[in-house]
Amino acid sequence: MPHDGIPRGGPPLDVIAAGLQRERRRAGLSLAEVARRAGIAKSTLSQLESGTGNPSVETLWALSVTLDVPFAQLVEPPRPQVQVIRAGEGPAFAAERAEYVAVLLASSPPGIRRDIYLVTAQPGSARESDPHMPGVVEHVVLSTGRALVGVAEEPVEIGPGDYIAYPGDLAHVFRALEPGTSAVLVQEHR
C-alpha cells in the first residue's frame, strides 16, 4: 500500500464484467437500455462488460442503482454459499386434515422468487390447497411412493423420479397413494 494509505491497482475488471453481465441478464435489459437508464454511453458499458475500460465509482454506482443491486455485488466475486439441512431438521408444517408434512428447506432470499420444501405424506386424506397468489407455479419431483398431484380437478398419478408442474394459483391437491411417500416441492413466484 502506498504511503498515503490509498490502495492502488485498479478495480477487478473481470469480476465487474461478469457481475454486470449477470445482473443485466437477470434484469432482462439490453445493453442500450441499461446504459440509457444509468446515463452512460453504450460503448462504456460494452467495454466494462468485456473486461476493458476503467470504471469510475460514479459509473459503477449508477449501474448498481439501475440494476437494483448493491454496489458490492458488481465488484466482488460471488462466494459459494453452502447450506445443509439434515433429514429431520428444518421448520416443519403439518396439515390439519391430512397426513402431510412440509419442511421448509430454502425460502426465497431477496431477488429470488422460489421456496423449496421436502414433503412427506401418508395415504388417507389428501392435502387440498386453496389457490395461492396469482402467478405461483408449483414443481414437484416425487422421491418415494406414489401420489396424485396437481390441479384439484385433474390430478396426475406420479411415481419415484416423476416431475409435474402446475399452476399453484388454482386449487390443487397432493394425495399420497403409498405409505412413506415423499417429494421435493418448489414453489415459484412469478
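Residues numbered from 1 in each chain as written. Predicted model: local features only at pLDDT ≥ 70, side-chain atom pairs only at ≥ 80, totals over all residues. Heavy atoms only, no water.

Quick look at the packing of helix α1 (residues 13-27) against helix α4 (residues 57-67) now. Running from N to C, α1 and α4 cross one another at 25 degrees; their axes reach a closest spacing of 10 Å. As far as their axial angle goes, α4 and α1 are roughly parallel. Seen from above, α1 lies across α4 with left-handed handedness. For the pair α1 and α4, the contacting residues are I16, L20, E23, R24, R26 and A27 in the first and L60, L63 and L67 in the second. The residue makeup of the contact of α1 with α4, split by class, is 6 nonpolar, no polar and 3 charged. (Axes fitted to C-alpha atoms, helices over the stretch in contact; angles between N-to-C directions. Helix = DSSP H or I, 4+ residues; strand = E, 2+ residues; numbered from the N terminus. Parallel < 35°, antiparallel > 145°, perpendicular 65-115°, else oblique. Left-handed = near helix turned anticlockwise from the far one by under 90°. Contact = heavy atoms within 4.5 Å. Nonpolar A, V, L, I, M, F, W, Y, C, P; charged D, E, K, R; others polar.)

For the rest of this paragraph, the subject is the packing of aromatic side chains. Under the criterion given, the structure shown has 1 aromatic pair. Plain terms: the ring middles of Y100 and F174 are 5.6 Å apart, the flat faces sit at 65 degrees to each other, and that makes the pair edge-to-face. Separated by 74 residues along the polypeptide, Y100 in strand β2 (residues 100-106) and F174 in strand β9 (residues 172-176) bring together distant segments of the chain. Judged by relative accessible area, which is 5%, F174 ranks as buried. (Phe/Tyr/Trp six-rings, centres within 6.5 Å; stacked < 30°, edge-to-face > 60°. Buried < 20%, exposed > 50% of the residue type's maximum accessible area, 1.4 Å probe, protein only.)

Moving on, we get to the side chain of S64. By the element assignment, S64 lies in helix α4. Look at S64 and you get buried, because its relative accessible area is 3%. With near-sequence residues (within four places) excluded, S64 lies in contact with V69, P70, F71 and L74.

Strands sit in the order β4-β9-β6-β7 across an open sheet of 4 strands; the sheet is antiparallel. The sheet is open, and its two edges are formed by β4 (127-129) and β7 (156-158), each paired on a single side. Taking each pair of neighbouring strands and ignoring which way they run, the sheet shows an average axis angle of 15 degrees. Pairing between strand β6 (residues 147-151) and β9: 5 bridges, direction antiparallel. Counted as the bridge partner of V149 is F174 from β9. (Pairing = 2+ DSSP bridges.)

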